[in-house]
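Listed here are the chains, written in short residue letters.
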Amino acid sequence: LVNNAGIGATGDVAANDDVEWAHVLSVNVIGIARVTRAALPWLRASAHAVLINTCSVVANVGVPQRALYAASTGAVHALTLALAAALVRLGITYPVAQDNDGGSWSAYGQQVWPTLSLIDKRGYLRYQQVGAGGYAAMETAIQALITEKD
């Protein structure tokens, strides 16, 4: 299962009203919970289940005019780690992809590239730097992590 759907939002905290906050959080965070919950029976039944959620590096760096989006993608990352801690006991490999095609610029002018983390079937957390290359680099990093020998 790959949860990669989401919507963006721009502006500081005051720029987005409660309706927009609820909409973005519903799509970006609650949507992942809904789809994951619906897929769990198939994931549990599979000997080779892999669940991938993507979120932006905006969750980890200060990007101007992205308060709502940063909050939603940070919530996705936190939800993903919590799910991974529970699902690894079921043998479900769980990559946590922080995705941004081309990298992000922090509030301090530093370019930040995405990383990929994986909680493997033994419960170990592994990291893979993705770097430049967008979706192709992300795919390569995911493949490297899920096929890595214990």
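The rules behind these values
- Residues numbered from 1 in each chain as written.
- Predicted model: local features only at pLDDT ≥ 70, side-chain atom pairs only at ≥ 80, totals over all residues.
- Heavy atoms only, no water.
- Buried < 20%, exposed > 50% of the residue type's maximum accessible area, 1.4 Å probe, protein only.
- Helix = DSSP H or I, 4+ residues; strand = E, 2+ residues; numbered from the N terminus.
- Right-handed = clockwise from strand over helix to strand, strands pointing away.
- Axes fitted to C-alpha atoms, helices over the stretch in contact; angles between N-to-C directions.
- Parallel < 35°, antiparallel > 145°, perpendicular 65-115°, else oblique.
- Left-handed = near helix turned anticlockwise from the far one by under 90°.
- Contact = heavy atoms within 4.5 Å.
- Expected span 1.5 Å × (residues − 1).
- Bend = angle between axes of the 7 residues up to and from the residue.
- Polar contact = N/O pair within 3.5 Å; in protein donor to acceptor, adjacent residues only side chain to side chain.
- pLDDT = per-residue confidence, 0-100.

J.: How should the pairing of strand β2 (residues 52–55) be read in this particular structure?
T.: Successive side chains on a regular strand alternate, one facing one side of the sheet and the next facing the other. Residues Ile52 and Thr54 point to one face of β2 and Asn53 and Cys55 to the other, with burial holding for every one of them. Once the chain exits strand β1 (residues 2–3) it traverses helix α1 (residues 18–45) before rejoining the sheet at β2, and the crossover so formed is right-handed.

J.: So what exactly am I meant to see when it comes to the environment of Leu87 here?
T.: Mapped onto the secondary structure, Leu87 falls in helix α2 (residues 67–87). As a C-alpha pair, Leu87 and Leu40 span 47 residues in sequence and 9.4 Å in three-dimensional space.

J.: Would you explain the environment of Thr54 in this entry?
T.: For Thr54, the position within the fold is in strand β2. The sequence separation of Thr54 and Asn4 amounts to 50 residues, and the corresponding C-alpha distance is 5.3 Å.

J.: Would you mind showing me how to read the packing of α1 against α2 here?
T.: Between two packed helices, the angle of one axis relative to the other and the distance separating the axes together describe the packing. It is the contact of α1 with α2, at a shortest axis distance of 9 Å, that shows an interaxial angle of 20°. Here α1 lies roughly parallel to α2, going by the angle between them. Judged by the sense of rotation from one axis to the other, the crossing of α1 with α2 is right-handed. Side by side, α1 and α2 meet where Glu20, Trp21, Val24, Leu25, Asn28, Val29, Ile32, Ala33, Thr36 and Leu40 of the first sit next to Ala67, Leu68, Tyr69, Ala71, Ser72, Ala75, Val76, Leu79, Leu83 and Leu87 of the second.

J.: How should α1 be read in this particular structure?
T.: Each turn of an α-helix holds 3.6 residues, which means side chains three or four residues apart point in the same direction. Taking 1.5 Å of rise per residue, the 28 residues of α1 would be expected to cover 40 Å, and the 39 Å separating its terminal C-alpha atoms lies within 8% of that figure. The axis of α1 is deflected most strongly, by about 50°, at Ala39, and proline Pro41 appears within four residues downstream. When we look at burial in α1, the residues that qualify are Val24, Asn28, Val29, Gly31, Ile32, Thr36, Ala39, Leu40 and Leu43. Of the surrounding elements, those touching the buried residues of α1 are β1, β2 and α2. In this structure Asp17 caps α1, since a side-chain oxygen of it lies 3.2 Å from the backbone nitrogen of Val19.

J.: In this structure, what is going on with the confidence of the model for the protein? I would like to understand it.
T.: Mean pLDDT for the protein: 75, with 60% of residues reaching 70 or above. Looking over the protein, one finds the lowest element-wise mean pLDDT in strand β4 (residues 104–105), namely 48, and the highest in α1, namely 93. Across residues 100–108, where pLDDT falls below 50, the model places 25 contacts with residues more than four positions away in sequence or in other chains.

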